[in-house]
Amino acid sequence: MSAHCPASRDIPRRTVESFRENGFAHVPRMLSAGEVDSFRTASLAALSAHSKSDDAGATRIISTEHVWRADGPLRELALHPRIGAFAERLAGMPLRVWRGDVLLKEPRRSARTNLHDDETFLPFEGRVSLTAWVALVDVTVERGCMTFLAGSHDRPGPDRVGLPALSADPDGYMLKYWPGLNWNTRVTVPLRAGDCTFHHGRTGHMAAANTTDEQRVSYVVALIDAEATYRPVSGVDVPGELTPGQRLPDDLYPRVGA
Ligand SMILES: O=C(O)CCC(=O)C(=O)O
């Protein structure tokens, strides 16, 4: 699988501006058709080998758990040079990869993904965190594409409200703690297979249920400021024996492009 790595100047300025202003950006054709086929095959194989259900948010998403840590195509996808180059350009700083997983919404058996931000779950402290969400099939509105609250990454404090606040009100906690977000524009982004969105860790987002007859197959790559430190979040496991405040070790949290 060849991966063309774009120079910074090849990343459209409007993509960078969209990310900085809106807290998300859509990148068409992040992967070639050949890459989509082989990464989808690897994703489905990984799901049947080690799937885990996530009923916590009642999303009924079936996901792998840190599948990228094993060698193979799904590690290649997490460390894909094109994804890394875009992510660093959008973030404007060096990053590390800390997660790569397959997400599956089964046809007609899924639920919507509640409105949330990823920093609530984030076991690190850093200047920026972001996620690349890569479509491995066409993901229309009916198949459960994502909707973003434009500009919600750039909201007044508190920075985080913690998992208990989310658990108490999984769908409403963002609007409760940051009521101004009720008025942010919501942008729904259907993706063709091979397209990708990037969203900031503080950007509110949600997704529809998959009401089609085909599986929704996607892959998420989570990235964090290269200088981030460990900040435990109760109930969120991280690889490695980290102590609070510790910088993330290169072997377990590889630098983009390393
Ligand atoms: O795939 C979904 O429905 C939600 C994914 C998500 O919340 C994320 O990637 O941060």
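In what follows, the structure referred to is the one given above.
What you are looking at is a predicted structure, and each value in this text was computed from that prediction instead of being measured.

Reading the values: rules and limits
- Residues numbered from 1 in each chain as written.
- Predicted model: local features only at pLDDT ≥ 70, side-chain atom pairs only at ≥ 80, totals over all residues.
- Heavy atoms only, no water.
- Helix = DSSP H or I, 4+ residues; strand = E, 2+ residues; numbered from the N terminus.
- Rg over C-alpha atoms; globule rule 2.2 N^0.38 Å.
- Buried < 20%, exposed > 50% of the residue type's maximum accessible area, 1.4 Å probe, protein only.
- Contact = heavy atoms within 4.5 Å.
- Areas by Shrake-Rupley, 256 points an atom, 1.4 Å probe, with all protein chains shown as cover.
- Core = buried A, V, L, I, M, F, W, Y, C linked by side-chain atoms within 4.5 Å.
- Pairing = 2+ DSSP bridges.
- Axes fitted to C-alpha atoms, helices over the stretch in contact; angles between N-to-C directions.
- Expected span 1.5 Å × (residues − 1).
- Arc of directions from axis to C-beta.
- Parallel < 35°, antiparallel > 145°, perpendicular 65-115°, else oblique.
- Left-handed = near helix turned anticlockwise from the far one by under 90°.
- Nonpolar A, V, L, I, M, F, W, Y, C, P; charged D, E, K, R; others polar.

### A few points about the overall build of the chain
Each helix and strand counted, the chain has six helices and 13 strands in total. The C-alpha radius of gyration of the chain comes to 17 Å, within 12% of the 18 Å expected for a compact globule of 258 residues. For the C-alpha atoms alone, the extent of the chain along its principal axes is close to 45 × 40 × 40 Å. When each of the 258 residues of the chain is scored for burial, the buried share is 53%. At a minimum sequence separation of 6, the contacts of the chain that also span at least 24 residues come to 84%. Split by element, the accessible area of the chain, about 11700 Å² in all, is 49% carbon and sulfur.

### Structural notes on the environment of Asp237
With respect to the helices, strands and loops of the structure, Asp237 is situated in the segment after β13 (229–230). Sequence separation between Asp237 and Pro123 is 114 residues; the distance between their C-alpha atoms is 8.2 Å.

### Digging into the nonpolar core
With 55 residues, the main nonpolar core has Leu95, Phe198 and Tyr219 as its most contacted residues. When neighbours within four sequence positions are excluded, Leu95 is seen to be in contact with Ala87, Glu88, Val128, Leu130, Leu223, Ile224, Asp225, Ala226, Arg255 and Val256.

### Thoughts on the sheet that holds strand β8 (residues 146–149)
Ordered in space as β5-β11-β8-β9, the four strands form an open sheet in which the pairing is antiparallel. Pairing within the sheet leaves two strands with one partner each, and these edge strands are β5 (113–116) and β9 (186–189). Strand-to-strand twist in this sheet, taken as the mean axis angle between neighbours without regard to direction, amounts to 20°. As paired strands, β8 and strand β11 (residues 205–207) are joined by three bridges and run antiparallel to one another. Note that in β11 the partner of Thr147 across the bridge is Met206.

### A word on helix α2 (residues 33–49)
Between the first and last C-alpha of α2 there are 24 Å, a value that for 17 residues agrees with the 24 Å anticipated at 1.5 Å per step. The set of residues buried in α2 consists of Glu35, Val36, Phe39, Ala42, Ser43, Ala46 and Leu47. Buried residues along α2 cover an arc of 140° about the axis, so they all sit on one side. Among the exposed residues of α2, those pointing more than 90 degrees away from its buried face are Ala33, Thr41, Ser48 and Ala49. Buried residues along α2 sit in contact with β3 (61–63), α3 (73–78), β4 (95–105) and β12 (216–225).

### Things to note about unusual backbone geometry
In the segment running from Gly157 into Pro158, the intervening peptide bond is cis, with an omega of 0°. Here Pro158 lies in the loop between β8 and α5 (163–168). Of note in this structure, His66 is not a glycine but carries a positive phi near 55°. The phi dihedral of Arg108 falls on the positive side, at around 60°, and the residue is not glycine. The class for Arg108 is exposed, based on a relative accessible area of 57%.

### Observations concerning helix α1 (residues 13–22)
Within α1, burial applies to Thr15, Val16, Ser18 and Phe19. Angular distribution of buried residues about the axis of α1 spans 160°; they occupy a single face of the element. Along α1, exposed side chains directed more than 90 degrees from the buried face belong to Arg13, Arg14 and Glu21. Buried residues belonging to α1 abut β1 (24–27), α4 (81–91), β7 (129–135) and β10 (196–200). Trailing α1 by a residue or two, Gly23 shows a phi angle of about 85°, which is positive.

### A word on the packing of α1 against α4
As a packed pair, α1 and α4 sit with axes 9 Å apart at the nearest point and diverge in direction by 55°. Considered as vectors, α1 and α4 are oriented oblique to each other. Crossing geometry of α1 relative to α4 is assigned as right-handed. Across the interface between the two elements, Thr15, Val16, Phe19 and Arg20 of α1 pack against Phe86, Arg89, Leu90 and Ala91 of α4. For the contact of α1 with α4, a count of residues per class yields five nonpolar, one polar and two charged.

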